[in-house]
Amino acid sequence: MFSLLGATTLMLVAGAPWTLPAAAGGTNLKSPDNVEVHIIDDTFTLRWNGSDPAGGNVTFSADYQVPRNDTWLKLPGCQSVTSTKCNFSSLKLNVYEKVKLRVRAEKGNETSPWHNVDAFAPFEKVENKLPPPENVRIDAVNDVYVLKWDYTSENMTFQAQWLHAYFKKIPGNNSGKWKQMPGCENVKTTQCAIPQNTFQKGIYLIRVQASDGNTTSVWSKEKRFDAQLQSVLVPPTINVKPTNDVSLRVFIGAPEESENKSVNQHYSLIYEIVFWENTSNAERKTLEKRTDFTFPNLKPLTVYCVKARALTENERWNKSSVFSDPVCEKTKPGSTSKTWLIAGICAALLSIPVVTYVLKLFLRCVRYVFFPSSKPPSTIEEYFSEPPLRNLLLFTSEEQTERCFIIENTSIITAVEETEQIGEDHKKYNSQTSQDSGNYSNEDDSNDSKSGEDFPQQEAE
């Protein structure tokens, strides 16, 4: 019910009633006069004056009419009453709409003419201690609706209700169909946040009421709200996966764990995708209706970032969400990098034998120079009684000397060498053919001693 606060009374006084002529032989029933409507807090009372010249058994009934319905309806609580007042507080009137009342006297089958009360709006005629909230409005902010209103007094408590607008087209009382607004119960501020999924497609009515303890104001004027026009799209989620061909595969999905998930489902959507290299400010933009697509031919081992927002495909709604948070991912090496890697490995494997061979040559040279192992020829070794030097390039602690012979006559040396050769050949021959090596040895030794004795004599001469 629409409550009106304060002890203020609205009194409407009817004009002079219009009466019908009495039936033949019957008694005239006069219409009620001095009709008054009293509104105290949330109590609605209809009062009038009536007289019964016939002497009793007279009752009274009242009807009401609202602007959206031309039919007169029976006023609840005011049918066939015996007193000159009735309470119609059970009627849930919109205090901002004008209402018409009429009342008449009844006795048996006889009725008096109707007494009509001029149309009035309870809100306009009554001053309340608590005025209703004013300037009710609703705005879409990100993924919620924000309901706001104005109020002059402080330290008040507010509540809000909503109703499907099509109920207003159905005749009858709709007061029991109003629903409490989630998030707007007993709030201390002049605004409250409403989850977007509270309203699906359709048109709604919203109203706000102020209260101060046990005293409440009338409901505010009803605010008409079209959810489809004012709803806000929620940004999509993005998942990026690198592929082996140096591409990035992008998956777009609905918001996860969001109360407003159903809002996007009411629209046919397309997605604006923004794509850029992480180290560059150059952006690429594209529109996609698909939720699974690929960015091909990218740089290998490079970080790319993606963000997206949802747009309504139908230009009539002209809605768009905010951009999602960027998602960055690095591309894979790709086949080209693998080819170079394989080629490098093959080259390294092929170079191992070459390096090994060169290293062996180097070590051989070092060994030959610093650690020679070969002996000098036997012809040279005969003239040196001391062992050869280990290293010709290294200095030793003792200075090495060579033995030299002074040869004055080369012809004598030649004869001696020839004689020695003949002697050696003869020695070899004897050692190979003779069985008695001892006899020939003695001869050879004697010959050698003789030749040795002759050589100094010739040299002395």
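It should be emphasised that the depicted structure is a prediction, and the values quoted were computed from it without experimental measurement.

With that settled, consider the sheet that holds strand S20 (residues 283-288). Spatially, the 4 strands line up as an open sheet ordered S20-S19-S22-S23, and their pairing is antiparallel. Either end of the sheet is taken by a strand with one partner, and the two such strands are S20 and strand S23 (327-330). Across this sheet, the average inter-strand angle for adjacent strands is 25 degrees, counted without regard to direction. Sheet topology places strand S22 (residues 303-312) next to S23; 4 bridges connect them, and they run antiparallel. Counted as the bridge partner of Val306 is Val327 from S23.

With that settled, the discussion passes to the environment of Glu134. When you line up the elements, Glu134 lands in strand S9 (residues 134-141). With a relative accessible area of 52%, Glu134 lands in the exposed category. Taking the C-alpha atoms as reference points, Glu134 and Lys148, separated by 14 residues in sequence, lie 9.5 Å from one another. Setting aside anything within four residues of it in sequence, one finds Glu134 in contact with Trp149 and Asp150.

Averaged over all residues, the pLDDT of the protein equals 74, while 65% of them reach at least 70. A low-confidence stretch, residues 1-26 (pLDDT under 50), is modelled with 81 contacts involving residues beyond four sequence positions or located in other chains. The model gives residues 424-461 a pLDDT under 50, and that stretch makes 7 contacts with residues more than four places away or in other chains.

Looking now at the state of the cysteines. Per the counting criterion, the structure on display carries 3 disulfides. Residue Cys184 pairs covalently with Cys192 via a disulfide, S to S 1.9 Å. On the sign convention where negative is left-handed, the bridge of Cys184 and Cys192, at about 90 degrees about the S-S bond, is right-handed. A single burial state applies to Cys184 and to Cys192, both of which are buried. With cysteine numbering restricted to those in disulfides and following the sequence, the protein has the pairing 1-2, 3-4, 5-6.

This next bit is on the pattern of salt bridges. The tally for this structure, following the rule as stated, stands at 8 salt bridges. With its nearest N and O atoms 3.2 Å apart, the salt bridge here joins Lys168 to Glu222. Of this pair, Lys168 sits in the loop between strand S11 (157-164) and strand S12 (179-180) while Glu222 sits in the loop between strand S15 (215-216) and strand S16 (223-226), placing them 54 residues apart in sequence. With relative accessibility at 25%, the residue Glu222 sits in the partly exposed group. Across the pair Lys299 and Glu277 runs a salt bridge, and its minimum N-O distance is 3.6 Å. With Lys299 in the loop between strand S21 (292-295) and S22 and Glu277 in strand S19 (residues 269-277), the pair connects residues that are 22 residues apart, well separated along the chain. For Glu277, a relative accessible area of 18% puts it in the buried group.

Rules behind the numbers
- Residues numbered from 1 in each chain as written.
- Predicted model: local features only at pLDDT ≥ 70, side-chain atom pairs only at ≥ 80, totals over all residues.
- Heavy atoms only, no water.
- Pairing = 2+ DSSP bridges.
- Helix = DSSP H or I, 4+ residues; strand = E, 2+ residues; numbered from the N terminus.
- Axes fitted to C-alpha atoms, helices over the stretch in contact; angles between N-to-C directions.
- Buried < 20%, exposed > 50% of the residue type's maximum accessible area, 1.4 Å probe, protein only.
- Contact = heavy atoms within 4.5 Å.
- pLDDT = per-residue confidence, 0-100.
- Disulfide = S-S within 2.5 Å.
- Salt bridge = Lys/Arg side-chain N within 4 Å of Asp/Glu carboxyl O.

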